[in-house]
Amino acid sequence: MSAPSVVVTGLGATTPLAGDVSGTWQAVLDGRSAPRALDDLQWVKDYDLPVRIAARLAVEPIDALGYHDVYRQDRCAQVALVAARQAWADAGLNAENADPLRVGVVIGTGFGCVESLLSQHRALNDGLRAVVPQAVPMIMPNGPAAQVGLALKARAGVHAPMSACASGAEALAMGARMIRDGVADVVVAGGAEACITPVIMAGFIRARSMSTRNDEPDLASRPFDTGRNGFVLGEGAGAMVLERAEHAEARGATVHGRLAGVGITNDSHHITSPDPGHGGQLGAIHTALREAGLSPADIGHVNAHATSTNVGDAVESGTITSAFGADAVVTAPKGALGHLLGASGAVEAIITLLSIRDGVVPPTANLTDPDQEIHLDLVRGAPRTLAQHAAVSQSFGFGGHNVVLAFTG
């Protein structure tokens, strides 16, 4: 008996470009870039950080959630809940057409609830009673997944993968496997991140991972460009409703596309640097294609992880060339979004699926002088009209995590 087909029936997102999917998609197509100066944050001045830019949310969570939910949840859980509720509504799900016993949730995050951990640690300096009673559920890394599970009354399993910048993509992969394994009919899966904080910024600065283009924040994130000098930290969330195809058909759901194959590997090479031999990344690509029943020639475009770091972009470009050839059509949304860490794979999966649906590949923002050592067909300047049946989205994370998702229309 063949495994159930997994379709996508709902999409939700809140990003540095917009508070929803349609606004984010249009901004990416327009080549807009979200990073801005952090002039209003006192801690940036207090610590005299050499990086003073980031890609913060375009719309604050309180606008969608209200005071009660915001007060009791970490910002990471807030953005997860915003995206999940959007996806649930887009899918047209409710208590009548989704049995809670067959509904699952998988929300990944790279750092989890950092803001609450730091704020409650500061509060303790003022005495025990200054720490809020909700401190532990606000801090625990499974908090975003748990809050989404509570909101949707999901009882088929609530999971919280943490695989650095591949977390959101791995959550989608886990959600698909839950459906294929017969555990659930519906899974709300995605990623969330909200960690624009002093210690996280300082850590990445010390690792020399971040762009220092403070005077031109909107030009700082430059995937595959000769002038790239690191990523720009961002925040946000993306979520998909994954559904067993027969279940979606029975209730007359609108289908955005299909998550046809997933590939998960690990480099086991270095804690922060990708394997220059490409083995792990290529393994994830081949596994995703094999599971989807696709060949490299079937892939219309590649949504690259491409964080705008020198080493990362160079290694990934070699991987893409090895897997798909030098004429592979490639786009990199982090030029527009910044790097949303654990949320990036989920948000970019949405962009990949919309690209197939609408027959257009968005440009890579800020790609004005392509690195001559990178031999790919990089989409830049303007969107490219491209009828396509399938595309892949790649996500890689510290620790050697590799996740590749293959989508079809």
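Refer to the structure printed above.
Here is a short report on the structure shown in this document. All values reported here derive from a predicted model rather than from experimental measurement.

## Points about the packing of helix α1 (residues 21–29) against helix α15 (residues 344–358)
Point 1. Across the interface, α1 lies against α15 with an axial gap of 11 Å and an inter-helix angle of 75 degrees. Comparing their axes, α15 and α1 come out roughly perpendicular. Where α1 abuts α15, its residues Val 21, Trp 25 and Val 28 lie against Ile 350, Ile 351, Leu 354, Ser 355 and Asp 358.
Point 2. Here the residues of the contact of α1 with α15 sort into six nonpolar, one polar and one charged.

## Here's the deal with the pattern of salt bridges
Between side chains of opposite charge, a pair can form when the charged atoms approach closely.
Point 1. In total, this model carries 15 salt bridges according to the counting rule given.
Point 2. Salt-bridge contacts for Arg 75 lead to Glu 60; the nearest nitrogen and oxygen are separated by 2.8 Å. Of this pair, Arg 75 sits in helix α5 (residues 75–91) while Glu 60 sits in the loop between β3 (53–54) and α3 (62–65), and the two are 15 residues apart along the sequence.
Point 3. Residue Glu 60 is classed as partly exposed on the basis of its relative accessible area of 37%.
Point 4. With a closest N to O distance of 2.8 Å, Arg 357 and Asp 358 form a salt bridge.
Point 5. Taking the relative accessible area as the measure of exposure, Arg 357 reaches 45% and is therefore partly exposed.
Point 6. Three or more residues joined by partner-sharing salt bridges are found here, namely Arg 102, Asp 185, Arg 244 and Glu 246.

## Points about the environment of Asp 215
Point 1. Along the chain, the position of Asp 215 falls in the loop between α10 (198–206) and β7 (236–244).
Point 2. Its relative accessible area of 76% is what places Asp 215 among the exposed residues.
Point 3. Once the C-alpha coordinates of Asp 215 and His 375 are considered, the two residues, 160 residues apart in sequence, prove to be 30 Å apart.

## Overview of the side chain of Thr 309
Point 1. Along the chain, Thr 309 turns up in the loop between β9 (299–303) and α13 (310–324).
Point 2. Within the structure, Thr 309 has its side chain in polar contact with the side chain of Thr 307 (distance 3.3 Å).
Point 3. Among the polar contacts made by the side chain of Thr 309, one reaches the main-chain amide nitrogen of Gly 312 at a distance of 3.3 Å.
Point 4. Those residues within four positions of Thr 309 in sequence are excluded, and the remaining contacts are Ser 209, Arg 228, Gly 230 and Phe 231.

Definitions and limits used
Residues numbered from 1 in each chain as written. Predicted model: local features only at pLDDT ≥ 70, side-chain atom pairs only at ≥ 80, totals over all residues. Heavy atoms only, no water. Axes fitted to C-alpha atoms, helices over the stretch in contact; angles between N-to-C directions. Helix = DSSP H or I, 4+ residues; strand = E, 2+ residues; numbered from the N terminus. Parallel < 35°, antiparallel > 145°, perpendicular 65-115°, else oblique. Contact = heavy atoms within 4.5 Å. Nonpolar A, V, L, I, M, F, W, Y, C, P; charged D, E, K, R; others polar. Salt bridge = Lys/Arg side-chain N within 4 Å of Asp/Glu carboxyl O. Buried < 20%, exposed > 50% of the residue type's maximum accessible area, 1.4 Å probe, protein only. Polar contact = N/O pair within 3.5 Å; in protein donor to acceptor, adjacent residues only side chain to side chain.

Any link to function would need more than the numbers given here.
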